Amino acid sequence: MQKIGVFVCWCGSNIAATVDVKAVAQALKNEAGVVFSTDYQYMCSENGQAMIRQAIKEHQLTGIVVCSCSPRMHEATFRKTAVSAGLNPYMVEIANIREQCSWIHKDIAEGTEKAIVLARAAVAKLHKNAPLTAGTSPVTKRALVIGGGIAGIQTALDVADAGFEVDIVEKSPTIGGRMAQLDKTFPTLDCSACILTPKMVEAAQHEKINIISYAELESLSGFVGNFTATIRKKARFIDEDKCSGCGVCTEKCPSRKGLDEFNMKLNKRGAVYIPFAQAIPNVAVIDAEQCLHFRTGKCGLCQKNCSAGAIDFEQKDQLIERKYGAIVVATGFKPIDASAFNEYAYNDSPDVVTSLEFERIMNAAGPTKGQLIRPSDLKHPHEIVVIQCVGSRCTEDKEKGKPYCSKICCMYTAKHAMLVREKYPDVKVHVFYIDARTPGKNFDEFYRRAVEQYDVDYIKGMVGKVAVEGDKLHVQGSDLLNGEQVHINADMVVLATAIEPDPTARSLGTMLTASMDTNDFFTEAHPKLRPVESPPAGIFLSGVAQGPKDIPETVAQAGAAAAKVIGLLCKNELTCNACVAQTNEAICNGCSQCEKVCPYGAITYEDKEIRSPEFRGIRRIATVNEAICQGCGACTVTCPSGAMDLKGFTNSQIMSEVDAICR
């Protein structure tokens, strides 16, 4: 029989406020196999861990149960404590009496009773535990960064500067992401391109960084340290090695019906185009849907005029397969579709624009060369209304908008207002807002400058409707501070739209087996202790893929993700998970059900000679690759014959817990 020690943590008042910890410790002394039971204020503290080590040695304990917080918080801490005292780390059980008990019960008697039951179940499981030994696997010293925005670029640079190879996979023809579309950045109002372009050039010239643009991740297999990725590099129909970026093909192209995605479709571009002047790689791409050669079989002017011979109409998609030790998700965001908010006349008037469209209009490299003119008649506006929180904080209609605050809208609205007033003092700017949320460093001062120095008219209230009246936009809203209705005849209306994850995030998350929230943002392994790690080992998060944030916060998180990647790639080998699936070969019937449900591809089949009382001969048997298995348990519940089991969480162990709870 096991010699078990039980250690009940107060967790300050987190547990002790609604659980009688001393009563729990006393009750567990009566459980079979328990030779020591005590309580302490903070078991995770150095004194608490010292108490555990001393008890293991004095009472020659073969296993311990720690009644404390969730295993996600401190299971690793207590396992290390056990190892330091000579105990196998998998002879440690955690009874979660905080999140699953004290935090959800207000009655002390009820909370104490449940805590005793949870601890009793942990003791029962520990009786069936056996020491486990974790294996090791080698680490491929190369990282994959998915997304070439500022988050992906910064992560790649930091990892590459540490001496490791990095591949950046970007779905667009160029890296740069959304930041490349911005004019100025808050709160310093410095040029966005002036900050980003040197980073883009540095990434392109770095000997350790390989940029794979116009490409997407096709498939992924493997595990931390040993991922195998297949990347589909889409056909540009232009040879990147030959193209010099001279732009002759873009000038000669007669097809001019394509909408310029970089300029938010505010102007037309050719079928052969380079997204923007500082694009990296500075290589053109042919839009096959717009190209006359692909549509009619004629034309070919770009090919005839290309002196480098870079045009290749026969080019096909290319599949690249590489191994990686770590993967960073930096897929960024997109503005929410404003067409769902037609109460603001977005679908009815070209003079109602989104914030990013307005950003391109104000940009010197934009469709209007930086001139503030109305899209409808190209006239200079004199009255502009900005409507805040379009698509953000929509708690009532979640199908239409997002329930969260997009975090950056208040600041970029103040930026837009200041830029307009600075360059065009004759333009009056009105801002309808619900709340002014400016909590960052120098952010509130920036907002106050817009109000006090630039005389921007901030109106606390919401806009009910925007109606097109001739060449004007009639804006009807409410002023909550003055308690009155406001009517403004505006020349332009700017919608401060919410931001949402890139549309590829959900499918990518499925491929990576990464956790995502209901808004399709990637979920971190722990919101406080592991903010840049995804629950699947070896997958890291960078930038807005994890949640709304501004540029400085994005860069900071990119650096944090890079630090985690570097820490992983520095190791020659990793310790594998010991709680992996195992096959009972005597009863496995080779049905392949477990192989089909395994998300990691850890199960294969082979013919083996079986010698048992029930069967002698060759049988098709499931085999588990323990280096790949992550211990998810999907195979154990799928197996119709009960041949698959999970070390550390066997059916016998689970049933012993159930029996203990039902006593």
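A short note on the domain arrangement of the protein
Interface size is commonly expressed as the accessible surface area that is lost when the partners come together. Entries for the protein in the domain assignment read domain 1 (4-127), domain 2 (142-234 + 317-332 + 502-569), domain 3 (248-305), domain 4 (335-500) and domain 5 (581-647). When each unit is reduced to the centre of its C-alpha atoms, the spacing between domain 2 and domain 4 is 31 Å. Between domain 2 and domain 4, the residue contacts involve 18 residues of the former and 24 residues of the latter. Summing both sides of the interface, domain 2 and domain 4 together bury roughly 1,800 Å²; the carbon and sulfur share of this comes to 66%. Our enumeration of links across domain 2 and domain 4 arrives at 1 salt bridge. The shortest N-O distance in the salt bridge between Lys 407 and Glu 553 comes to 2.9 Å.

Brief notes about the sheet that holds strand E6 (residues 142-146)
Spatial strand order, E10-E7-E6-E18-E29: 5 strands in an open sheet with parallel pairing. Bordering the open sheet on either side are strand E10 (209-212) and strand E29 (539-541), each of which pairs with just one other strand. Each strand of the sheet is rotated relative to its neighbour by a mean of 20°, with strand direction disregarded. Both strand E7 (residues 165-169) and E10 contribute to a ladder of 4 bridges, which runs parallel. Looking at the pairing, Ile 168 lines up with Ile 211 of E10. Of the strands in this sheet, E6, strand E18 (326-329) and E29 touch helix H16 (residues 551-569), which is tilted by about 160° from E29.

Quick look at the state of the cysteines
Taken as a whole, this structure holds 0 disulfides when the rule is applied. Looking at Cys 410, it has no disulfide partner, and the nearest cysteine sulfur is the one in Cys 389, 5.8 Å off. Overall, Cys 410 belongs to the buried group, its relative accessible area being 10%.

Looking at the pairing of E7
Of all 5 residues making up E7, 4 are buried, and the element is well covered by its neighbours. Pairing between E6 and E7: 5 bridges, direction parallel. Looking at the pairing, Ile 146 lines up with Val 169 of E7. The parallel pair E6 and E7, bridged by helix H7 (residues 150-161), forms a crossover whose chirality is right-handed.

Describing the pairing of strand E3 (residues 63-68)
E3 sits mainly inside the fold: 6 of its 6 residues count as buried. Side chains of E3 alternate between two faces, with Gly 63, Val 65 and Cys 67 and Ile 64, Val 66 and Ser 68 buried alike. Across 5 bridges, the pairing between strand E1 (residues 4-9) and E3 is parallel. When the bridges of E3 are listed, Val 8 appears paired with Cys 67. Chirality of the crossover, the property in question, places the unit of E3, helix H4 (residues 71-84) and strand E4 (residues 92-96) among those that are right-handed.

Section: the environment of Ala 581
Summarising the element assignment, Ala 581 is placed in strand E31 (residues 581-583). C-alpha separation for the pair Ala 581 and Gly 633, spaced 52 residues apart in sequence, amounts to 7.1 Å. In this view, Ala 581 contacts Val 624, Cys 629, Cys 635, Met 644, Asp 645 and Leu 646; residues no more than four positions away in its chain are not counted.

Side note on the environment of Lys 460
Turning to its location among the elements, Lys 460 is positioned in strand E23 (residues 457-460). Setting aside residues no more than four positions away along its own chain, Lys 460 makes contact with Tyr 433, Ile 434, Asp 435, Ser 478, Asp 479, Leu 480 and Leu 481. At a separation of 2.4 Å, a polar atom in the side chain of Lys 460 contacts the main-chain carbonyl oxygen of Ile 434.

With respect to the sheet that holds E3
Strands sit in the order E2-E1-E3-E4 across an open sheet of 4 strands; the sheet is parallel. The strands lining the two open edges of the sheet, one partner per strand, are strand E2 (34-40) and E4. Strand-to-strand twist in this sheet, taken as the mean axis angle between neighbours without regard to direction, amounts to 15°. Pairing geometry for E1 and E2, over 6 bridges, is parallel. In the sheet register, Val 8 faces E2, and the bridge partner there is Asp 39. Contacting E3 and E4, H4 runs over the sheet at an angle of about 150° to E4.

Here we look at the pattern of salt bridges
One pass over the structure, following the stated rule, counts 37 salt bridges. A salt bridge links Arg 142 to Asp 167, with the shortest nitrogen-to-oxygen separation between them at 2.9 Å. One end of the pair, Arg 142, is in strand E6; the other, Asp 167, is in strand E7, and 25 residues separate them in sequence. When sorted by exposure, Arg 142 lands in the same class as Asp 167, which is buried. Measuring nitrogen to oxygen at the nearest pair gives 2.7 Å for the salt bridge that ties Asp 377 to Arg 374. Linked by salt bridges that have partners in common, Asp 351, Arg 374, Asp 377, Lys 472 and Asp 491 make up one network.

Reading the values: the criteria
Residues numbered from 1 in each chain as written. Predicted model: local features only at pLDDT ≥ 70, side-chain atom pairs only at ≥ 80, totals over all residues. Heavy atoms only, no water. Domains from an automatic or database assignment. Contact = heavy atoms within 4.5 Å. Buried area = accessible area lost by both parts, 1.4 Å probe. Salt bridge = Lys/Arg side-chain N within 4 Å of Asp/Glu carboxyl O. Pairing = 2+ DSSP bridges. Helix = DSSP H or I, 4+ residues; strand = E, 2+ residues; numbered from the N terminus. Axes fitted to C-alpha atoms, helices over the stretch in contact; angles between N-to-C directions. Disulfide = S-S within 2.5 Å. Buried < 20%, exposed > 50% of the residue type's maximum accessible area, 1.4 Å probe, protein only. Right-handed = clockwise from strand over helix to strand, strands pointing away. Polar contact = N/O pair within 3.5 Å; in protein donor to acceptor, adjacent residues only side chain to side chain.

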